[in-house]
Amino acid sequence: MSIHLNAQPGQIAETVLLPGDPLRAQHIAETFFENPVQHNSVRGMLGFTGTYKGQRVSVQGTGMGIASSMIYVNELIQDYGCRTLIRVGTCGSYQADVHVRDLVLAQAACTDSNINNIRFGPKNFAPIADFGLLLRAYQIAQERGFATHVGNIMSSDTFYHDDFDQYKLWAQYGVLAAEMEAAGLYTLAAKYGVKALTILTVSDHLVTHEETTAEERQTTFNGMIEVALDAALGL
Ligand SMILES: O=P(O)(O)O[C@H]1O[C@H](CO)[C@@H](O)[C@H]1O
Ligand SMILES: O=c1cc[nH]c(=O)[nH]1
């Protein structure tokens, strides 16, 4: 047991999917895992372990934002020995050609969070994905015909910015989309020498205000989970 997880030692698999939403963790376990067992109930931040195509795998909700998610990532790595961590989340697109329902594979993550200023002072650290995981996820997504973008994203501490247009500077520098956790995940993966990747489905669009139905998002979302599982488990 750790401070925020009440799983027993050995109960969590080495490979973990990390959605922000704990109910998405439950959906993933119930939809994709064989014989899922709930391993965490602390704070309602649901986590489950089962098998996928016969291989052991876990899913753990992280909550929203770098602060919450880093607590879970720290404990999963340090207390439970997790070695491959794949965030599966939603994002808001910054680019006209990155549409809702598309997949974004976060090669790197900028942030407006102070986490790495605290660690590194005035020098910047570049949080990046594991290249092997990124490559496999890209190849699988391509094979399955998903519209897929690979590049830089923004992990923001703020969902509702005072200045809506602040995203335009990042967009000008090629940043694809915004979410709220990847930079923290990639930083901890680097610190502890484990593998991490963030795969996102575009759920909303800051430029075009494109929208899609919940059903459409669900279909794409399920595709993203299969990409994540197959990439993580080498299937
Ligand atoms: O869909 P999830 O994984 O929660 O990710 C995105 O959605 C939340 C904001 O609505 C933030 O956590 C952001 O990163
Ligand atoms: O963090 C997020 C997630 C989805 N959409 C956004 O605009 N931001």
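Residues numbered from 1 in each chain as written. Chains lettered and ligands numbered in written order. Predicted model: local features only at pLDDT ≥ 70, side-chain atom pairs only at ≥ 80, totals over all residues. Heavy atoms only, no water.

As recorded in an unreviewed UniProt entry, the chain goes by Uridine phosphorylase and comes from Deinococcus phoenicis. Taken directly from UniProt, the Catalytic activity (unreviewed entry) text for the chain runs: "uridine + phosphate = alpha-D-ribose 1-phosphate + uracil". (UniProt positions renumbered as here; feature names shortened; annotations may be inferred.)

Peer 1: Can you break down the site of ligand 2 residue by residue, with the values?
Peer 2: Close contacts around ligand 2 come from Thr 90, Cys 91, Gly 92, Phe 159, Ala 178, Glu 179, Met 180, Ser 203, Asp 204 and Leu 206, and that covers them all. Gly 92 has a polar backbone atom sitting 3.2 Å from a nitrogen atom of ligand 2. A distance of 2.8 Å separates a nitrogen atom of ligand 2 from a polar atom in the side chain of Asp 204. Compared with its free state, where it exposes 240 Å², ligand 2 has 84% of that area covered by protein. A molecule is said to occupy a pocket when more than half its atoms come within 2 Å of that pocket's grid points, and by this definition ligand 2 occupies the largest pocket. Counting residues per element, the shell around ligand 2 draws most heavily on strand 5 (residues 84-93), which supplies three residues. Of the residues contributing to the shell around ligand 2, the split by class is five nonpolar, three polar and two charged. (Near = heavy atom within 4 Å. Polar contact = N/O pair within 3.5 Å; in protein donor to acceptor, adjacent residues only side chain to side chain. Areas by Shrake-Rupley, 256 points an atom, 1.4 Å probe, with all protein chains shown as cover. 1 Å grid on protein atoms, 1.4 Å probe; cavity = no way out; pocket = protein on both sides within 12 Å on 5 of 7 lines; lining within 4 Å. Sits in = over half its atoms within 2 Å of the grid points. Helix = DSSP H or I, 4+ residues; strand = E, 2+ residues; numbered from the N terminus. Nonpolar A, V, L, I, M, F, W, Y, C, P; charged D, E, K, R; others polar.)

Peer 1: Please give an account of the site of ligand 1 that cites residues and values.
Peer 2: Neighbouring ligand 1 are the residues Gly 20, Arg 24, Met 64, Arg 87, Val 88, Gly 89, Thr 90, Phe 159, Glu 179, Met 180 and Glu 181. A distance of 2.7 Å separates an oxygen atom of ligand 1 from a polar side-chain atom of Thr 90. In the environment of ligand 1, an oxygen atom lies 2.6 Å from a nitrogen or oxygen atom belonging to the side chain of Glu 181. Burial of ligand 1 by the surrounding chains reaches 86%, relative to a free accessible area of 340 Å². Top contributing element to the shell around ligand 1 by residue count: strand 5, with four residues.

Peer 1: Any details on the packing of helix 2 (residues 66-78) against helix 6 (residues 182-192)? Residues and values, ideally.
Peer 2: Between helix 2 and helix 6, the least distance of the axes is 9 Å, while the angle of their chain directions is 25°. By the angle between their axes, helix 2 is roughly parallel relative to helix 6. Crossing geometry of helix 2 relative to helix 6 is assigned as right-handed. For the pair helix 2 and helix 6, contact is made by Ile 66, Met 70, Val 73, Asn 74, Ile 77 and Gln 78 and by Ala 183, Gly 184, Leu 185, Leu 188 and Tyr 192, respectively. Classifying every residue of the contact of helix 2 with helix 6 gives eight nonpolar, three polar and no charged. (Axes fitted to C-alpha atoms, helices over the stretch in contact; angles between N-to-C directions. Parallel < 35°, antiparallel > 145°, perpendicular 65-115°, else oblique. Left-handed = near helix turned anticlockwise from the far one by under 90°. Contact = heavy atoms within 4.5 Å.)

Peer 1: Just give me the short version of the environment of His 39, but keep the residues and values in it.
Peer 2: As for its placement among the helices and strands, His 39 is situated in strand 2 (residues 34-40). Taking the C-alpha atoms as reference points, His 39 and Leu 5, separated by 34 residues in sequence, lie 8.1 Å from one another. The contacts of His 39, once residues within four sequence positions are left out, are Asn 6, Ala 7, Gln 11, Ile 12, Gly 47, Phe 48, Thr 49, Ser 58, Val 59 and Gln 60.

Peer 1: Could you give an account of the side chain of Thr 148, with specific residues and numbers?
Peer 2: Relative to the assigned elements, Thr 148 resides in strand 7 (residues 148-155). Reaching out from Thr 148, the side chain makes a polar contact with the backbone oxygen of Phe 146 at a distance of 2.9 Å. Those residues within four positions of Thr 148 in sequence are excluded, and the remaining contacts are Leu 103, Leu 105, Tyr 138, Ala 141 and Gln 142.

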